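Here are the chains, one letter per residue:
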Amino acid sequence: MSAPDPHPPQDLDRYVRQIRYPPLGAEGQARLAQSRVLVCGCGALGSMLANTLVRAGVGRVRIVDRDFVELGNLQRQFLFDEQDVADQLPKAIAAALKLRKMNSAVEVEPIVADVGHRNVEQLCDGVDAIVDGTDNFETRFLVNDLAVKRSIPWVYGGCLGAEGQTMTILPGETPCLRCLMQECPPPGTMPTCDTAGILGPIVGVIASIEAIEAIKILSGRRQAISRHLTVVELWDACIRQVNVASLREQVDCPTCKRHEFPWLDGRQGSQTAVLCGRNAVQLSHPGASVSLEHLARQLEGVGEVRRNPFLLRLKVDQYELTVFPDGRAIVGGTHDVATARTLYAKYIGH
Ligand SMILES: [Zn+2]
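Residues numbered from 1 in each chain as written. Predicted model: local features only at pLDDT ≥ 70, side-chain atom pairs only at ≥ 80, totals over all residues. Heavy atoms only, no water.

Our next topic: the nonpolar core. If you look at the biggest cluster of nonpolar residues, it comprises 44 residues, and the most contacted ones within it are Val37, Leu53, Val61, Ile63, Leu99 and Val131. Among the secondary structure elements, those contributing two or more residues to this core are strand 1 (36-40), helix 3 (44-56), strand 2 (60-65), helix 5 (91-102), strand 4 (129-132), strand 5 (154-160) and helix 10 (200-218). At nine residues, the largest contribution of residues to this core is made by helix 10. Ignoring any residue separated from it by four or fewer positions in sequence, one finds valine 61 in contact with Val37, Val39, Val54, Val106, Glu107, Val108 and Glu109. Grouped together as the second largest cluster of nonpolar side chains are 35 residues, Val64, Val143, Cys253 and Phe261 included. (Core = buried A, V, L, I, M, F, W, Y, C linked by side-chain atoms within 4.5 Å. Buried < 20%, exposed > 50% of the residue type's maximum accessible area, 1.4 Å probe, protein only. Helix = DSSP H or I, 4+ residues; strand = E, 2+ residues; numbered from the N terminus. Contact = heavy atoms within 4.5 Å.)

Enumeration according to the criterion identifies 27 salt bridges in this entry. We note a salt bridge from aspartate 114 to arginine 66, for which the minimum N-O separation is 2.9 Å. Taken as a pair, aspartate 114 in the loop between strand 3 (107-112) and helix 6 (120-123) and arginine 66 in the loop between strand 2 and helix 4 (82-87) lie far apart in primary sequence, 48 residues in all. For the residue pair aspartate 114 and arginine 66, the accessibility class agrees, reading buried in each case. The network of salt bridges with common partners includes Arg66, Asp114, Asp135 and Arg341. (Salt bridge = Lys/Arg side-chain N within 4 Å of Asp/Glu carboxyl O.)

Turning next to the sheet that holds strand 12 (residues 312-316). Strand order in this open sheet of six strands is 9-10-14-13-12-11, and the pairing throughout is antiparallel. Strands at the two margins of the open sheet, each flanked by one partner only, are strand 9 (271-275) and strand 11 (304-307). Each strand of the sheet is rotated relative to its neighbour by a mean of 15°, with strand direction disregarded. Pairing of strand 13 (residues 319-323) with strand 14 (residues 329-332) involves four bridges; the strand directions are antiparallel. (Pairing = 2+ DSSP bridges. Axes fitted to C-alpha atoms, helices over the stretch in contact; angles between N-to-C directions.)

To continue, consider the layout of surface pockets. One number sums up the size of the largest pocket: a volume of about 990 Å³. As for the largest pocket, its lining consists of 48 residues, of which Thr134, Asp135, Asn136, Arg140 and Cys193 are closest to the centre. Looking at the lining of the largest pocket, the elements with two or more residues in it are helix 3, strand 2, helix 7 (137-150), strand 5, strand 6 (163-169), helix 9 (193-196) and helix 14 (337-347). Along the lines of polarity and charge, the residues of the lining of the largest pocket split into 18 nonpolar, 17 polar and 13 charged. (1 Å grid on protein atoms, 1.4 Å probe; cavity = no way out; pocket = protein on both sides within 12 Å on 5 of 7 lines; lining within 4 Å. Points joined across faces, edges and corners; volume = space filled by probe spheres on them. Nonpolar A, V, L, I, M, F, W, Y, C, P; charged D, E, K, R; others polar.)

A few words on the packing of helix 3 against helix 10. Between helix 3 and helix 10, whose axes approach to 9 Å, the crossing angle comes to 45°. If you check the angle between helix 3 and helix 10, you find them oblique. Along this stretch, helix 3 crosses helix 10, giving a crossing that reads as right-handed. Mapping the contact onto sequence places Ala44, Leu45, Met48, Leu49, Thr52, Leu53 and Ala56 in helix 3 and Val203, Gly204, Ile206, Ala207, Ser208, Glu210, Ala211, Ala214 and Ile215 in helix 10. Its residues assigned to classes, the contact of helix 3 with helix 10 comprises 12 nonpolar, three polar and one charged. (Parallel < 35°, antiparallel > 145°, perpendicular 65-115°, else oblique. Left-handed = near helix turned anticlockwise from the far one by under 90°.)

So, about helix 5. Taking 1.5 Å of rise per residue, 12 residues should cover 16 Å, and helix 5 covers 17 Å from first to last C-alpha, within 8% of that figure. The complete set of buried residues in helix 5 reads Lys91, Ala92, Ala94, Ala95, Ala96, Lys98 and Leu99. As for helix 5, its buried residues are in contact with helix 3, strand 2, helix 4 and strand 3. (Expected span 1.5 Å × (residues − 1).)

Its place among the elements puts arginine 221 in the loop between helix 10 and strand 7 (228-233). One polar contact links the side chain of arginine 221 to the main-chain carbonyl oxygen of proline 23, over a distance of 2.8 Å. Once residues lying within four places of it in the same chain are set aside, the contact partners of arginine 221 are Pro23, Leu24, Glu27, Gly28, Arg31 and Lys216. (Polar contact = N/O pair within 3.5 Å; in protein donor to acceptor, adjacent residues only side chain to side chain.)

By themselves, these figures tell us nothing about what the structure is for.
Dropping the structure here:
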């Protein structure tokens, strides 16, 4: 946990109901007040996570997000409203303005940034836990590398359609994301919220499970932390708990066993280049391979899609994404790398 500091003491009256819950108690609440969490991504999961953790009295909540609030977010991103859309506020800033009104004793640190291998160490500096509010596996594998390397507990979570899953990772003790998935899904192989849709209630369920796991970590209640992968499917009202306790011993995980961190080293993951004079950004994924036919099916109804054997072109809003079979994409309509990466994550997925 972080060292105590001159942060103003919190008025405990507001937490009286959760202090009364014996597994947490006053001592657990005091530990929460001294802790710092990173909410990585502030879309659907992240805004609910930040909301819950600020209300619970986590001392410092750092929020990083690269995106702006859009009308299509409001159906499931519980912190935002129509005024944020009109004001074109970055999500981290819009979130912080609201969170400070909910609990002024909490230090909220909004950071508008694209999480990458060059800044992730700095973003995670001094945090006691990381919670997953990202929308792509590339960032999750990067966070997993950092978390295992620096021994920071983190809570993975993701949602799509009416289904979501979450798992808590205690580095050196429980399986990591790479133990579970071995490899980051290649670009264009996974549906995204923008291609397959998402319902608001699943966000609430997964974010709530992530939040309670974070509260257990930050209050020092390690024995209560889940050792399962939890999978929830709300449309069919089905909850599954997969016991992953022995996974770390069973698989030869390069992250846990050999301390290899290719995402953190920048050897894995996308590379970007602003194309001068073209108002476009190129993203490349070394070693990737994309089925344009499969991608075209995923993008049905999303925007105008044209395809030939060499490339696929998607027109959506004011942007044009040109995708090549090697996973490379040219995102036209912006010279901003973060915007291009957001569009790639939304429509191609990685
Ligand atoms: Zn592992």
